[in-house]
Amino acid sequence: MITVFPVTDSADLDAAYAIRRRVFVEEQNVSAEDEYDEFETTSQHFLARVDGVPAGTARWRRTSNGVKMERFAVLSAFRGAGVGKALVRTVLDAVFSQLPEPIESIYLHAQLTAMPLYAGFGFVPTGPQFDECGIMHAKMILPASAYPKQ
């Protein structure tokens, strides 16, 4: 069973960081200096577990351009099992439930291979593709028409 929840203690935050280290730093060769940033303490982090085992993570934060969803990572042993979908759904639900004021924009920088995951939730690519830490990405936005009606 997949469960996704907001990180509220240091043990779960450590588990989320360990997943990001394994996926981004070790598998994808992103430098640790680029992976961990000044937004760690101001972002809302999430941890996904499969049958109690840490399997994935993500975070979101406010920026001057709106809400940015980022740092989606799923351990290789759990890919294709719905963990990524559960993370996106939970993060979006959290964004919409925690921000009562109108949201100007919800966006993310998707690795090209992950674009279909986000497109399944209504995100659409905008602008040219770009290199981020040696990996090609595309900016994707969630059109306001995809926001829940309130």
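Our subject is the structure that appears above.
Sequence order sets the numbering: in each chain, residues are counted from 1 along the sequence as written. Residue-level local features of this predicted model are given only where pLDDT is at least 70; pairs of side-chain atoms are given and counted only at 80 or more, and the full residue set underlies all totals for whole chains, interfaces and linings. Only hydrogens and water are set aside when side-chain values are computed; all heavy atoms of the structure are taken into account.

> Honestly, the nonpolar core in this entry has me stumped. Any pointers?
Across soluble globular proteins, nonpolar side chains show a tendency to be buried alongside one another. Only buried residues count toward a nonpolar core. Its members are Ala, Val, Leu, Ile, Met, Phe, Trp, Tyr and Cys residues joined through side-chain atoms within 4.5 Å. With a 1.4 Å probe rolled over the protein chains alone, any residue whose accessible area is under 20% of its type maximum counts as buried; one over 50% counts as exposed, and the rest are partly exposed. Met69, Leu87, Ile106 and Phe123 are the most contacted members of the largest nonpolar core, which totals 43 residues. Each helix is a run of H or I in the DSSP string that is no shorter than four residues. Each strand is a run of E no shorter than two, and both are numbered from the N terminus. Taken together, the elements giving at least two residues each to this core come down to α1 (10–27), β2 (44–50), β3 (53–63), β4 (66–74), α3 (83–98), β5 (106–111), α4 (115–119) and β7 (135–141). Top element by residues in this core is α3. It accounts for nine residues. The criterion used for residue contact is that any of the two residues' heavy atoms lie within 4.5 Å. With near-sequence residues (within four places) excluded, Ile106 lies in contact with Val67, Met69, Leu92, Val95, Phe96, Phe123, Met140, Ile141, Leu142 and Tyr147.

> Got a minute to help me understand the pairing of β5 in this structure?
Two faces make up the sheet, and in a regular strand the side chains alternate between them. Here β5 lies mainly inside the structure; five of its six residues are buried. With three bridges connecting them, β4 and β5 associate as parallel partners. Residue Val67 lies in a different strand from β5, and its bridge partner there is Ile106. Following DSSP output, two strands are said to pair if at least two bridges run between them. Across five bridges, the pairing between β5 and β7 is antiparallel. For Leu108, the partnering residue across the bridge sits in β7 and is Met140.

> Looking at this structure, I do not really get the sheet that holds β3. What am I missing?
Read across the sheet, seven strands follow the order β1-β2-β3-β4-β5-β7-β6 without closing on themselves; strand pairing throughout is mixed. In this open sheet, the two strands that pair with only one neighbour each are β1 (2–6) and β6 (124–132). Sheet twist, expressed as the average angle between the axes of neighbouring strands with direction ignored, equals 25°. Against the sheet, α3 engages β1, β2, β3, β4 and β5, with an angle of about 155° to β4. Axes, fitted as lines to C-alpha atoms, cover a helix only where it is in contact. Angles between the N-to-C directions of the axes lie from 0 to 180 degrees.

> Even after reading the chapter, I still don't get unusual backbone geometry, so can you show me in this structure?
A negative phi holds for most residues other than glycine; trans holds for most peptide bonds. Not every positive phi belongs to a glycine, and Asn29 is a case in point at roughly 60°. With respect to the helices and strands, Asn29 occurs in the loop between α1 and α2 (32–35). Accessibility expressed as a relative area gives 64% for Asn29, which makes it exposed. The phi dihedral of Cys133 falls on the positive side, at around 60°, and the residue is not glycine. For Cys133, the location among the structural elements is in the loop between β6 and β7.

> Quick question: what am I supposed to make of α3 here?
Residues separated by three or four positions in an α-helix point in the same direction, a consequence of the helix having 3.6 residues per turn. If you check α3, its first and last C-alpha atoms are 22 Å apart, about what 16 residues at 1.5 Å a residue would give, namely 22 Å. For α3, every residue scored as buried is listed here: Val83, Gly84, Ala86, Leu87, Val88, Val91, Leu92, Ala94, Val95 and Phe96. The secondary structure elements touched by the buried residues of α3 are β1, β2, β3, β4, β5 and α4. Here the expected span of a helix is defined as 1.5 Å times the quantity of residues minus one.

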